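# Architecture and fold: a report
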Amino acid sequence: MQRVLIANRGEIALRIVRACHEEGLEAVAVYSAADRSSPHVRAADRAVAIGPASPTRSYLNIERLIEAAHEAGADAVHPGYGFLAERAAFAEAVEAAGLVWIGPPPSAIRAMGDKTAARRRMQQAGVPIVPGASAPIDDIGPALGLAREVGYPVMVKATAGGGGKGMRVVRNPDELPAALETAASEALKAFGDAGVYLEKLIVRPRHVEIQVLADDRRTIHLGERECSIQRRHQKLVEEAPSSAVDLELREWMGAAAVSAAEAVGYRGAGTCEFLLAPDRSFYFLEMNTRIQVEHPVTELVYGVDLVREQLRIAAGEPMRVHPGWLSPRGWAIECRITSEDPANGFLPSTGRIAYLRIPGGPGVRWDGGVDVGDEITLYYDSMLAKLIVWAPDRPQAIRRMRRALEELAILGVATNQGFHRRLLADPAFQAGDIDIQFLDRRPDLAQPQLTDGEVAQIAVAAALAEDEARRSRRPVVSGDDRGSDAWTERARREALR
Ligand code: MV4
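So, how was this worked out
Sequence positions are assigned chain by chain, starting from 1 and proceeding in written order. The predicted origin of the model limits local features to residues at a pLDDT of at least 70 and limits the giving and counting of side-chain atom pairs to 80 or more, whereas totals for whole chains, interfaces and linings rest on all residues. As a rule here, side-chain values come from all non-hydrogen atoms in the structure, and water together with hydrogens is ignored. Any residue with at least one heavy atom within 4 Å of a molecule or strand is counted as near it. Any pair of N or O atoms that falls within 3.5 Å is considered a polar contact. Within protein, one atom must be able to donate a hydrogen and the other to accept it, and sequence-neighbouring residues count only if both atoms are side-chain atoms. Working definition of accessibility: Shrake-Rupley area with a 1.4 Å probe, residue cover restricted to the visible protein chains. Secondary structure counts use DSSP, requiring at least four H or I residues in a row for a helix and at least two E residues in a row for a strand, with both numbered from the N terminus. Residues were grouped as follows: Ala, Val, Leu, Ile, Met, Phe, Trp, Tyr, Cys and Pro as nonpolar; Asp, Glu, Lys and Arg as charged; and all remaining residues, including Gly, as polar. In this analysis, rings of Phe, Tyr and Trp, with Trp reduced to its six-membered ring, are considered paired at centre separations within 6.5 Å, and the interplanar angle assigns stacked below 30 degrees, edge-to-face beyond 60, and tilted for intermediate values. Only protein chains enter the accessibility calculation, which uses a 1.4 Å probe; a residue is then buried when its area is under 20% of its type maximum, exposed when over 50%, and partly exposed in between. By definition, being over a ring means that NZ of Lys or CZ of Arg is both within 6 Å of the ring centre and within 35 degrees of the ring normal. Salt bridges are defined as contacts in which a side-chain nitrogen from Lys or Arg sits within 4 Å of a carboxyl oxygen from Asp or Glu. Both cavities and pockets are sets of points on a 1 Å grid over the protein atoms alone; in a cavity a 1.4 Å probe fits but cannot get out, in a pocket the set is open with protein on both sides within 12 Å along at least five of seven lines, and lining residues sit with an atom within 4 Å of a point. Grid points are joined across faces, edges and corners, and a volume is the space filled by probe spheres set on the points. Two strands qualify as a pair provided DSSP detects at least 2 bridges between them. Working convention: axes come from line fits to C-alpha atoms, limited for helices to the stretch in contact. Angles between N-to-C directions cover 0 to 180 degrees. We call two residues contacting when some pair of their heavy atoms lies within 4.5 Å.

In this section: the site of the ligand. Among the 15 residues in the neighbourhood of the ligand, the closest are listed as Lys157, Glu199, Lys200, Ile202 and Glu286. Within the side chain of glutamate 199, one N or O atom sits 2.9 Å away from a nitrogen atom of the ligand. Within the contact set of the ligand, a nitrogen atom lies 2.9 Å away from a side-chain nitrogen or oxygen of glutamate 286. Protein burial of the ligand: of its 520 Å² of free accessible surface, 88% is covered by the chains. Of all the elements in the fold, those that place two or more residues in the shell around the ligand are strand S6 (154-158), strand S8 (196-200) and strand S13 (282-288). Taken together, the residues of the shell around the ligand sort by class into 8 nonpolar, 3 polar and 4 charged.

Written out as structure tokens, the structure reads:
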């Protein structure tokens, strides 16, 4: 392996370019018409144009990407996250073209793609799953029986799954028939598959995920990430470790995640998602068969470069993580900086980045994919960058993130920076008192609220502006008749006072 084509854009493409360079590999960027001068293109050793701005005709175009790899003389392909990262057919096409696929075996991607099939496999492997059906349900009779057995409330889910589409909470038997129907029609619309099943509803859970890494000899875990701070299934803040997980629970969840990965013959970096209930019971939800957006928090507390390990494992080399006892050191927090306006319902905004001041100093990492002058369009995901901090403990990490958020300045496009400032200043967040519904209960965090300090700053700015205006009102001494209206007379008198 010598030259890696990166089938992605933005911050993750740049992140992969950097890992390639540290591994002594050449990086080939691909770009759409909208990304011609993007940071990931400028950082790469070569770049290939793959099509127009529309993702379906560029970053999702399998034939064009493989053609680009051949054109550039690449011998491997890294998919990043999103786009084609979890398409088994893309992995197979890459391998069929004689290229190294930097990801798990296509069979492992497929095994985890079907939610009820994955549930059955996990159950066989001894991984805890939410009590419920392990096959699609198409009749109200068995559905009522199963719901009674696991106990209400229950949740109806789409077999094809993902993103919370086709999900319905059912509190009693009367609600079940309608929920099955609406969930099925929603699933058909979203996934082209009307299959649904049901599970016991886990109340007030946290979303905790375990990082796994597997080479040809062994599978290990690198602890948990706390991902409960999310809005409509979009994560906004992640941390490692989780304040809800102690050493014992980490080993239980870690062992479950390793079993899950081993059950599907996993290789490379992957993540097992769990629901963690307030009583410390945990349940496997799904496995993400890719590098994830939030991987840096794990890197910072475990001292492991996950993307470099992906490259090594794909090249058939052993991972550099030493066997034996691994434990997290300190605390890491990541804030996703997006071009979404919290005061406007988190709607994506557009514009040209007119000014960008990137935070720095001790313990601060900026994984960004945009630069001053870049146009933010609606073609791609709204995430502009990830601001990540490390500190010896959680309170210090929060203080460091608040300091970094004060340093950050982005002009020209609306961002969620103010939301992050309010969240990190919030006593409930600071106490670690969070679950997946935290942001639903706190619409106030989306609204700009001036702090006492900001009110003082605005008052000082207004006073300085007024003073400046008064100083500039100089009397007109020429003899002409301009400026002889009442307002000007008044201004002259004020300025002469
Ligand atoms: C659940 C659940 C509660 N109980 N299953 C949402 C997306 C899908 N991957 C699984 N999801 C959930 N499944 C049971 N039995 C709550 C959620 C859920 C959720 C999970 C993780 C992160 C954010 C979430 C937001 C809403 C609901």
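Summed over the entire model, instances satisfying the criterion amount to 7 aromatic pairs. Pairing phenylalanine 274 with phenylalanine 282 gives two aromatic rings, centres 5.6 Å apart and planes at 85°, and the pair type is edge-to-face. Here phenylalanine 274 and phenylalanine 282 have matching classes, each one buried. Seen from their ring centres, tyrosine 379 and tyrosine 380 are 6.1 Å apart, and the 45° between their planes marks the pair as tilted. When its relative accessible area of 46% is taken as the criterion, tyrosine 379 is described as partly exposed. Three or more aromatic residues joined by ring pairs make a cluster, and in this case those are Tyr59, Phe83, Tyr379 and Tyr380. The ring of phenylalanine 429 has arginine 394 sitting right over it, with the charged end atom 4.8 Å from the ring centre.

The next subject is the pattern of salt bridges. Once their charged atoms are close, side chains differing in charge can pair, the charge on each being opposite to the other. Throughout the structure, instances matching the rule amount to 42 salt bridges. With a shortest N-O distance of 2.2 Å, arginine 290 and glutamate 86 are connected by a salt bridge. Taken together, the positions of arginine 290 in the loop between S13 and helix H10 (295-302) and glutamate 86 in the loop between strand S4 (76-78) and helix H4 (88-96) put the pair 204 residues apart, joining distant regions of the chain. Sharing partners across several salt bridges, the network here consists of Glu209, Arg225, Lys235, Glu238, Glu294 and Arg336.

Turning our eyes to something else, we now look at the layout of surface pockets. Space inside the second largest pocket adds up to approximately 650 Å³. What lines the second largest pocket is a set of 23 residues, and nearest its centre among them are Gly418, Arg421, Arg422, Gln449 and Glu454. Every element with two or more residues in the lining of the second largest pocket is listed here: helix H12 (394-407), helix H13 (417-424) and helix H16 (452-472). When residues of the lining of the second largest pocket are assigned to their parent elements, the largest contribution, 5 residues, is made by H13.

Our next topic: unusual backbone geometry. Of note, the amide linkage connecting tyrosine 152 to proline 153 takes the cis form, showing an omega dihedral of -5°. Structurally, the position occupied by proline 153 is in the loop between helix H7 (140-150) and S6. In this chain, alanine 240 is followed by proline 241 through a cis amide linkage whose omega measures 0°. Its location among the elements puts proline 241 in the loop between strand S11 (234-240) and helix H9 (247-263).

The subject of this paragraph is the sheet that holds S11. Judged by pairing direction, the sheet is antiparallel, and its 8 strands sit side by side in the order S13-S12-S9-S10-S11-S14-S21-S19 without closing on themselves. Taken across any chain shown, the strands that pair with only one partner, and hence form the sheet edges, are S13 and strand S19 (364-368). Adjacent strand axes in the sheet meet at a mean angle of 25° when their direction is disregarded. One ladder, built from 8 bridges, connects strand S14 (residues 331-338) with strand S21 (residues 383-391); its direction is antiparallel. Bridging across to S21, cysteine 335 finds its partner in leucine 387. The sheet contacts of H9 involve strand S9 (206-214), strand S10 (219-231), strand S12 (268-276) and S13, and relative to S10 the element is tilted by about 105°.

Tracing the chain through its elements places histidine 207 in strand S9. Once residues lying within four places of it in the same chain are set aside, the contact partners of histidine 207 are Arg225, Glu226, Cys227, Ser228, Lys235, Glu273, Phe274 and Ile436.

Counted under the stated rule, the structure contains 2 cavities of 30 Å³ or more. Roughly 50 Å³ of volume is contained in the largest cavity. The wall of the largest cavity is formed by 13 residues, among which Pro79, Ile102, Gly103, Arg290 and Gln310 lie closest to the centre. Computed from the structure, the second largest cavity encloses a volume of approximately 40 Å³. Lining the second largest cavity, in full, are Leu247, Arg250, Glu251, Trp325, Leu326, Ser327 and Pro328. In the lining of the second largest cavity, the residues fall into 4 nonpolar, 1 polar and 2 charged.

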